[in-house]
Amino acid sequence: MSTETEKRALSSELLFAEAQKVIPGGVNSPVRAFKGVGGTPVFISRGEGARVWDTEGKVYIDYLGSWGPLILGHAHPAVVEAITLAASQGTTFGAATEREVRMARKITEAVPSMEKVRLVSSGTEATMTALRLARAHTGRSRFVKFEGCYHGHADPFLVKAGSGLLTQGISDSAGVPASVAELTIPLPYNDLDGVKEAFRKYPNEIAAVFVEPVAANMGVVPPNDGFLSGLREITKTHDALLIFDEVITGFRVGYGGAQSLFNIVPDLTCLGKIIGGGLPVGAVGGRADIMNRLAPLGDVYQAGTLSGNPLAVAAGLRTLEVLQAENPYPRLEKEADFLCTQLTAAARKSGIPVACNRAASMWTLFFTAGVAVRSYRDVQQADRTGYSRFFHGMLKQGIYLAPSAFEAAFLSTAHTHADTELTIKAATKVFEELCAS
Ligand code: KE4
């Protein structure tokens, strides 16, 4: 780009055109490309608190929150201070550090089922390691996942997956050998009979059941009463592992995650997002007898140059410290409930049937014929075009939602009641415009 261009505030359109010349699809993660809602992705220049600014200086109230990590909002002073201090002492050593011990202890104290924990650099690494551990521990190769759930982009999980795949209308990925995909058993979420049938069909072959305890990658779909406890019972009966993918729900739906909320003890848990405070951290943890299989102690190999990275751990540790000290969950619950209730009422007032699914401070507004959304099949009935029009209407109003009907929106501690009132006002205007058009 010419120096003249560099001086002028670059529009998202111009940047996207440039980006597509050197980055596949112009983005470094597919869901950012606005394929699910159409139009040009907004290029963000900075964020602070509950707001982000695009490269031309337009400000938005941000409910994407980088897909979940930013429960404290953008550039939280305590988190920035922790990263700055860590950076001044060196960015990586490839050696053990005291901070990693503190982080591991913090996680095991918050999530007692995680007797031991291994830090990695993404949710994908956490889930792929959990699967390898489960297969080693049980000596079995098959595993169950649920349609519409997303567990990162490792080959075995790209079967009937949610998030970016669902957004693009595909559920599997090219490049995954049939020999790998056939070991994945995709079942309907919230359907215990389907799980029982799978164990009947594959006796002693299923290593684990992977589940998002609150699904958030087909939009937010909470578990039906008894679903999670049913999974715990079935996996125990068949000596299979129950693996909670809490990359989104961990420290989001409560300080102890969904397993604490629903009082379920999984065998392994995967974490990410919030525990990195906005920097790359994932974690896999659980029963010590299983975790001790990990190298260098055991025979299951897993490694990472930047695992437990000093800056990322500093950001994550400070985030957990703030959450533990301030316990923002009751206020987040109240504010999110107010927002979702008002959004639903505003839509209905304009004659637009919606269903707002919420779990703590994460939510999804489904454009449905007023039908409750409790499964992947229900999600597929939702009106994507309706959501896209709503998304762009809100963007115009300076409200940044998830650029996909199949993701969650997130409230942070930085969002004020005035912000949610502004959001409801904007939504009311957009619903009226949609109704009039
Ligand atoms: P990462 O590898 O993206 O850190 O985590 C993978 C992952 C695992 N498990 C769950 C439940 C997840 O939601 C994710 C990643 N979430 C998506 C959005 N819902 C990340 C956004 C993206 O792909 O850019």
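It should be emphasised that the depicted structure is a prediction, and the values quoted were computed from it without experimental measurement. (Residues numbered from 1 in each chain as written. Predicted model: local features only at pLDDT ≥ 70, side-chain atom pairs only at ≥ 80, totals over all residues. Heavy atoms only, no water.)

A. Here's a closer look at the sheet that holds strand β9 (residues 268-271). Taken in spatial order, the seven strands line up as β4-β10-β9-β8-β7-β5-β6 in an open sheet, and their pairing is mixed. Every other strand in the sheet has two partners, leaving β4 (116-120) and β6 (184-187) as the edge strands with one partner each. Pairwise comparison of adjacent strand axes, ignoring direction, gives a mean angle of 20° for this sheet. Relative to strand β8 (residues 241-245), strand β7 (residues 206-211) is paired through four bridges, and the arrangement is parallel. Within β8, the position partnered with Ala208 by the bridge is Leu241. (Pairing = 2+ DSSP bridges. Helix = DSSP H or I, 4+ residues; strand = E, 2+ residues; numbered from the N terminus. Axes fitted to C-alpha atoms, helices over the stretch in contact; angles between N-to-C directions.)

B. Region of the structure containing the layout of surface pockets. Empty space within the second largest pocket amounts to approximately 470 Å³. Taken together, 22 residues line the second largest pocket, and the ones lying closest to its centre are Glu100, Arg118, Leu119, Ser307 and Gly308. Sorting the residues of the lining of the second largest pocket by element identifies α4 (98-110) and β4 as the ones contributing at least two each. When the residues that make up the lining of the second largest pocket are grouped by side-chain class, the tally is eleven nonpolar, nine polar and two charged. (1 Å grid on protein atoms, 1.4 Å probe; cavity = no way out; pocket = protein on both sides within 12 Å on 5 of 7 lines; lining within 4 Å. Points joined across faces, edges and corners; volume = space filled by probe spheres on them. Nonpolar A, V, L, I, M, F, W, Y, C, P; charged D, E, K, R; others polar.)

C. Examining the side chain of Ser404 more closely. Position of Ser404 among the secondary structure elements: in the loop between β13 (399-400) and β14 (409-410). Classification of Ser404 as buried rests on a relative accessible area of 1%. A distance of 2.9 Å separates the side chain of Ser404 from the backbone nitrogen of Phe406, its partner in a polar contact. Dropping the residues within four chain positions of it, Ser404 is found in contact with Val37, Thr167 and Tyr387. (Buried < 20%, exposed > 50% of the residue type's maximum accessible area, 1.4 Å probe, protein only. Polar contact = N/O pair within 3.5 Å; in protein donor to acceptor, adjacent residues only side chain to side chain. Contact = heavy atoms within 4.5 Å.)

D. Quick look at helix α16 (residues 417-436). Taking 1.5 Å of rise per residue, 20 residues should cover 28 Å, and α16 covers 29 Å from first to last C-alpha, within 8% of that figure. The set of residues buried in α16 consists of Asp419, Thr420, Thr423, Ile424, Ala426, Ala427, Val430, Phe431 and Leu434. Next to the buried residues of α16 lie β2 (51-54), β3 (59-62), α13 (329-349), β12 (362-366), α15 (384-396) and β13. (Expected span 1.5 Å × (residues − 1).)

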